[in-house]
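Structural overview for review
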Amino acid sequence: MDIQELKQAIIEEKEKGGVLILAHTYQHPDVLEVADIVGDSYALSKATQNVPQKKVLMCGVRFMAETVKILSPEKEVLLSHADAGCPMAEQLDPAEVRRYREAHPGHAVCAYVNTTAELKALADVCVTSSSAVEIVSRLPQEDILFIPDKNLGTFVQQMLPQKRIHLMDGYCPVHNAITAQMIEEARRAHPGAKVAIHPECPYEAVRLADMAGSTKEILDYIHKGDDEVIIATERGVYDDLVRKYPGRGLYQLEPDCMTCRDMKKTTLQGVYDALTGKGGLVIELDEALRKAARGSIDNMLKYGGR
Ligand code: 13P
Ligand code: SF4
């Protein structure tokens, strides 16, 4: 099958099977085209709550499919590629967080949504990159263990000096590779261009940018303005934007190191295979674990997640 035939076959299979296809913006552009909903981690986790389809195919990484399952346990949730994990979500040992909780009973534990179900179950509240500052500011505790992303945690600390943010050594290998020097060099190469950066990057780079925000916030920033922009996040955002704004001055910072290998494991053929029972992974979660993890996501919604 050529690409167009494969896309058509995917559309027929998903309609026949009553499957909702979700895709994170970091997926290959071809995969985005066959998805019903494209969004960032937060948008995708909420997307299935009021839809009629009983089957969901998540084109993304495992924690995203798990989050859908946590919120919509009655649905069959499939991950598009069995080995698509998020290195950051899997970096921390839950035992370390358990020990921290025992030693610091007065501290809140705040988990970035990019975590495993086990870590969500140990947290008081989840956050996304767009809501982390707002939610942490509303927590009654002054001391907060922020897991797993030390860079997003540092960003929150800079925005909220009244809080004491405690960190563990987790990070996204894609965003963590960005340095202040890379930002300075990109500015020299594109004088006058603005810099939009994801707060998963180290703060030394984030502080040099014109705006810092989640996938959706970066997209909104570029949709609303007409500036030239250097984009410092996973290159799926750039790939999506250049198709929408051909000819506009958009520049991907360090395209090779800003490519998430796990996000790119899903191909169109992989989507077809998952839909036809020849690939993908059905997400199963222990019910006690699912309920425990759900508490921190419900608290995120209560505190004003977005
Ligand atoms: P957001 O989609 O929340 O911006 O997170 C970025 C990311 O790295 C997803 O894996
Ligand atoms: Fe995980 Fe980073 Fe890839 Fe997102 S970009 S899935 S945080 S490794």
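1. A few points about the overall build of the chain
Per the secondary structure count, the chain includes 14 helices and 13 strands. Against the compact-globule benchmark of 19 Å for 306 residues, the chain has a radius of gyration of 19 Å, which places it among compact chains. With the principal axes as the frame, the chain shows a C-alpha extent of 55 × 55 × 30 Å. Here the chain, with 306 residues, has 54% of them falling under the buried criterion. Carbon and sulfur atoms provide 48% of the accessible area of the chain, an area that totals close to 12800 Å².

2. Looking at the side chain of T128
Here T128 is to be found in the loop between β6 (125-127) and α7 (132-138). Within the local environment of T128, its side chain forms a polar contact with the side chain of S130, the two groups lying 3.1 Å apart. Among the polar contacts listed, one links the side chain of T128 to the side chain of S131, at a separation of 2.9 Å.

3. Concerning the pattern of salt bridges
Opposite charge on two side chains lets them pair, provided their charged atoms get close. Scanning all chains against the criterion turns up 22 salt bridges. A salt bridge links D124 to R101; the shortest N-O distance between them is 3.1 Å. Separated by 23 residues along the polypeptide, D124 in the loop between α6 (117-122) and β6 and R101 in helix α5 (residues 94-103) bring together distant segments of the chain. Given the relative accessible area of 26%, D124 is considered partly exposed. Given the relative accessible area of 26%, R101 is considered partly exposed. In this structure, the salt-bridge partner of E234 is K264, at a minimum N-O distance of 3.2 Å. Of this pair, E234 sits in the loop between β11 (229-232) and α12 (236-244) while K264 sits in the loop between β12 (250-252) and α13 (268-275), and the two are 30 residues apart along the sequence. Across the pair, K264 and E234 agree in class, each one buried. Among the ionic contacts, a cluster of salt bridges with common partners joins K7, D30, E33, D240, R243 and K244.

4. Quick word on the state of the cysteines
Under the definition given, this model contains zero disulfides. Unpaired in this structure, C110 has its nearest cysteine sulfur neighbour in C126, at a distance of 7.8 Å.

5. Concerning the site of ligand 1
Neighbouring residues of ligand 1: 13 residues in total, closest H24, S41, H198, E200 and T215. S41 is positioned with one of its side-chain polar atoms (N or O) 3.0 Å from an oxygen atom of ligand 1. Bound to the protein, ligand 1 loses 95% of the 300 Å² it would expose on its own. Class assignment of the residues belonging to the shell around ligand 1 gives a composition of four nonpolar, seven polar and two charged.

6. Some words on the environment of K244
Checked against the element boundaries, K244 lands in helix α12. Each C-alpha atom, one on K244 and one on A23, is 17 Å from the other, the two residues being 221 residues apart in sequence. At 2.8 Å, the side chain of K244 and the side chain of D240 are in polar contact.

7. A word on the site of ligand 2
Close to ligand 2 lie Y26, V61, C86, P87, M88, N114, C172, P173, E200 and C260. Broken down by class, the residue content of the shell around ligand 2 amounts to eight nonpolar, one polar and one charged.

8. Quick look at the environment of Q53
For Q53, the position within the fold is in the loop between α3 (41-46) and β3 (55-59). Separated by 22 residues in the primary sequence, Q53 and K75 have C-alpha atoms spaced 8.0 Å apart. The contacts of Q53, once residues within four sequence positions are left out, are G18, V19, L20 and K75.

9. Notes on the packing of aromatic side chains
Any aromatic ring pair is given by two values, namely how distant the centres are and how the planes are angled relative to each other. Counted under the stated rule, the structure contains zero aromatic pairs. Here R248 stacks its cationic end above the ring of Y245, 5.4 Å away from the centre of that ring. One cation-aromatic arrangement involves K302 over Y303; the distance from NZ or CZ to the ring centre is 5.2 Å.

10. Observations regarding unusual backbone geometry
The amide bond that connects I147 to the next residue, P148, takes the cis arrangement and shows omega of -10°. Structurally, P148 is set in the loop between β7 (143-147) and α8 (150-159). Phi angles above zero are rare outside glycine, and E254 is one such case at about 40°. Look at E254 and you get partly exposed, because its relative accessible area is 31%.

About the thresholds
Each chain has its residues counted from 1, following the order in which its sequence is written. Each chain is given a letter, starting from A, and each ligand a number, starting from 1, according to the order in which they appear as written. With pLDDT at 70 or above as the cut-off, local features in this predicted model cover only qualifying residues; side-chain atom pairs require 80 or more to be listed or tallied, and sums for whole chains, interfaces and linings still use all residues. The basis for every side-chain value is the complete set of non-hydrogen atoms in the structure, without hydrogens or water. Secondary structure elements follow DSSP: runs of H or I of four or more residues count as helices, runs of E of two or more count as strands, with numbering from the N terminus. Values of the radius of gyration come from C-alpha atoms, whereas the globule rule sets the reference at 2.2 Å times the count of residues to the power 0.38. A 1.4 Å probe rolled over the protein chains alone gives each residue an accessible area, and that area as a share of the maximum for its type sets the label: buried under 20%, exposed over 50%, partly exposed in between. Note on areas: Shrake-Rupley with a 1.4 Å probe; residue coverage comes only from the protein chains shown. Polar contacts, as counted here, are pairs of nitrogen or oxygen atoms within 3.5 Å of one another; within protein the pair requires one atom able to donate a hydrogen and one able to accept it, and residues that are adjacent in sequence qualify only if both atoms are side-chain atoms. Basic side-chain nitrogens of Lys or Arg form a salt bridge, by our definition, when they fall within 4 Å of a carboxyl oxygen of Asp or Glu. In this description, the term disulfide denotes a pair of cysteine sulfurs within 2.5 Å. Any residue with at least one heavy atom within 4 Å of a molecule or strand is counted as near it. In this classification, the charged set is Asp, Glu, Lys and Arg, the nonpolar set is Ala, Val, Leu, Ile, Met, Phe, Trp, Tyr, Cys and Pro, and all remaining amino acids, among them Gly, are polar. In this analysis, two residues are considered to be in contact whenever any of their non-hydrogen atoms come within 4.5 Å of each other. The pairing test for Phe, Tyr and Trp rings, Trp by its six-membered ring, is centres within 6.5 Å, and the orientation test on the planes gives stacked under 30 degrees, edge-to-face over 60, and tilted for anything in between. We count a charge as sitting over a ring when the NZ of a lysine or the CZ of an arginine lies within 6 Å of the ring centre and within 35 degrees of the ring normal.

Any functional reading would require information that these geometric values do not contain.
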